[in-house]
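Listed below are the residues making up each chain.
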Amino acid sequence: MLNEANGSIAGAGALLKILRDGQARTRAELVQLTGLARSTLAQRLEALLSQQWIIPTEEAISSGGRPAIAFTFNRAARVVLAADLGATHARVAITDLGTEVLAERAAEISIDRGPEETLAWLQRTFEEMLAETGHDLDEVCGIGVGLPGPVEHSSGRPVNPPIMPGWDGFPVPEWLGSRLGAPVLVDNDVNIMALGEHWAARPEADHLIFVKIGTGIGCGIISDRRLHRGAQGAAGDIGHIRVASALDTVCRCGNIGCLEAVASGSAMAARLCAAGVEASDSRDVVRLVRGGNTQAVQLIRQAGREVGDVLASIVNFFNPSVIVLGGDIAEAGEQLLAGLREVIYSRSLPLATQHLTITASELGDRAGVIGAAVMVIEHVLAPGSVDQSVIRL
């Protein structure tokens with residue numbers, strides 16, 4: 001049971017939520033805004049100051065009399081470690097609490113190395129980057145990780161990931177958290193991309209679909225400005241929806257006829273290779289498209305139509321205002337978008353597409369690490385979490 005002092009500061013998290021908009025406010029403004037008694041407000045401000053969640057502004061605000069001290073959110077109070085682990089490459093970043101990137105690295109690393117080798121590399125990389133930026137582990141408030149497969153978000157464990165041998169059920173949060181001494185949140189890579197794109201580029205969109213086309217295909221769903229994961233975290237796995245053009249094609253998930261089996265970067269690379277064109281992955285496909293290879297261009301266009309066919313149903317069902325395309329194959333630009341738009345606008349209801357925007361990701365390769373950081377920040381700075389952090393003092 002909270003004692004009287006703890007009861008007075010238990011609302012510090014709600015106060016911080018107000019100040020997180022970046023606007024500096026005086027005590028008088030906060031009293032007027034919250035309706036709190038001055039004594040209660042003073043206790044909550046003191047609690048937030050003691051944890052450095054807020055700081056006094058450098059310049060006091062004057063209304064003609066004695067200048068009043070104003071308080072603002074301290075984005076530099078902690079740092080966040082963020083990782084977007086893909087099938088064949090990874091991006092790792094350190095950010096502040098406003099998602100400003102303080103350090104960043106990209107590397108070619110295959111997820112099929114297995115969890116311990118991959119996460120050991122990630123641990124070393126984080127430690128090196130912290131040292132380079134002058135931070136230490138005590139300043140880390142959390143770690144966000146995106147994985148290229150289904151993840152049970154509540155436990156942070158991968159579940160039967162098709163392209164991640166050895167990862168099924170692996171305790172990623174426990175393994176990484178015990179070595180770095182910070183809470184670890186794990187999600188599907190497309191979910192964190194959707195979070196990142198919405199946060200940084202499309203905050204005004206209430207309903208957004210982020211589609212990643214790379215080695216695999218998936219989508220992240222923002223509904224009412226919140227990430228929709230579904231009951232077990234499997235929402236948005238469109239890569240394994242059956243499509244008519246793939247009825248005889250075996251997917252790596254074991255089923256026949258999946259969208260991913262014909263429209264993913266790996267599927268297109270395999271087709272090009274079978275036709276005598278040198279291509280081993282998604283990036284090779286994009287390179288060929290940019291170089292004007294006719295076969296690659298035709299495959300990209302058709303992939304856009306295949307994905308568009310699935311998305312047309314989703315547009316009718318979900319009615320998003322924005323569809324954002326990301327992943328390696330999105331680098332093909334208008335060649336992919338043209339096929340996508342062609343089918344979506346012809347197959348979806350006019351009302352559903354009346355104000356629909358279909359566009360490429362503005363963040364590009366950074367969408368995942370920004371989203372991983374957002375996932376951590378929203379968890380750590382949730383009012384309840386902040387209340388716990390100040391009560392533990």
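Presented here is an overview of the structure given in this document. (Residues numbered from 1 in each chain as written. Predicted model: local features only at pLDDT ≥ 70, side-chain atom pairs only at ≥ 80, totals over all residues. Heavy atoms only, no water.)

### Focus: the overall build of the chain
Moving on, step 1. The number of helices and strands found in the chain is 15 helices and 15 strands.
Moving on, step 2. Relative to a compact globule of 393 residues, whose C-alpha radius of gyration would be 21 Å, the chain shows 23 Å and is just as compact.
Moving on, step 3. C-alpha atoms of the chain, sized along the principal axes, occupy 75 × 50 × 40 Å.
Moving on, step 4. Counted over contacts in the chain with a minimum sequence separation of 6, partners at least 24 positions apart contribute 61%.
Moving on, step 5. Accessible surface, the chain: about 17,600 Å² in total, of which carbon and sulfur atoms supply 49%.
Moving on, step 6. With 32 positive and 45 negative side-chain charges, the chain shows a spacing of 3 Å between the two charge centroids. (Helix = DSSP H or I, 4+ residues; strand = E, 2+ residues; numbered from the N terminus. Rg over C-alpha atoms; globule rule 2.2 N^0.38 Å. Contact = heavy atoms within 4.5 Å. Areas by Shrake-Rupley, 256 points an atom, 1.4 Å probe, with all protein chains shown as cover. Lys, Arg positive; Asp, Glu negative; His and termini not counted. Charge placed at Lys NZ, Arg CZ, Asp CG, Glu CD.)

### Points about the sheet that holds strand β4 (residues 79–85)
Moving on, step 1. Taken together, five strands build an open sheet; the order of strands is β6-β5-β4-β7-β10 and the sheet is mixed. This sheet does not close on itself; its edge strands, each paired only once, are β6 (101–108) and β10 (184–188). Taking each pair of neighbouring strands and ignoring which way they run, the sheet shows an average axis angle of 15°.
Moving on, step 2. Across the sheet, helix α6 (residues 172–180) touches β4, β7 (140–147) and β10, and the angle it forms with β10 is around 145°. (Pairing = 2+ DSSP bridges. Axes fitted to C-alpha atoms, helices over the stretch in contact; angles between N-to-C directions.)

### Regarding the pairing of strand β5 (residues 89–95)
Moving on, step 1. Across the seven residues of β5, six count as buried, placing the element largely inside the fold.
Moving on, step 2. In the sheet, β4 pairs with β5 via six bridges, with the strands oriented antiparallel. Along β5, the bridge assignment pairs L81 with I94.
Moving on, step 3. Taken together, the seven bridges between β5 and β6 define a ladder with antiparallel strand orientation. (Buried < 20%, exposed > 50% of the residue type's maximum accessible area, 1.4 Å probe, protein only.)

### Side note on helix α12 (residues 334–347)
Moving on, step 1. Here α12 is 14 residues long and its end C-alpha atoms lie 19 Å apart, about the 20 Å a rise of 1.5 Å per residue gives.
Moving on, step 2. Within the span of α12, buried status applies to L336, L337, G339, L340, V343 and I344. For α12, the buried positions fall inside an angular range of 165° around the axis, keeping them on one side. Looking at α12, the residues exposed on the side facing more than 90 degrees away from the buried face are E334 and S346.
Moving on, step 3. On the buried face of α12, the contacting elements are β11 (207–213), α11 (294–318), β14 (322–326), α13 (350–353) and β15 (357–360). (Expected span 1.5 Å × (residues − 1). Arc of directions from axis to C-beta.)

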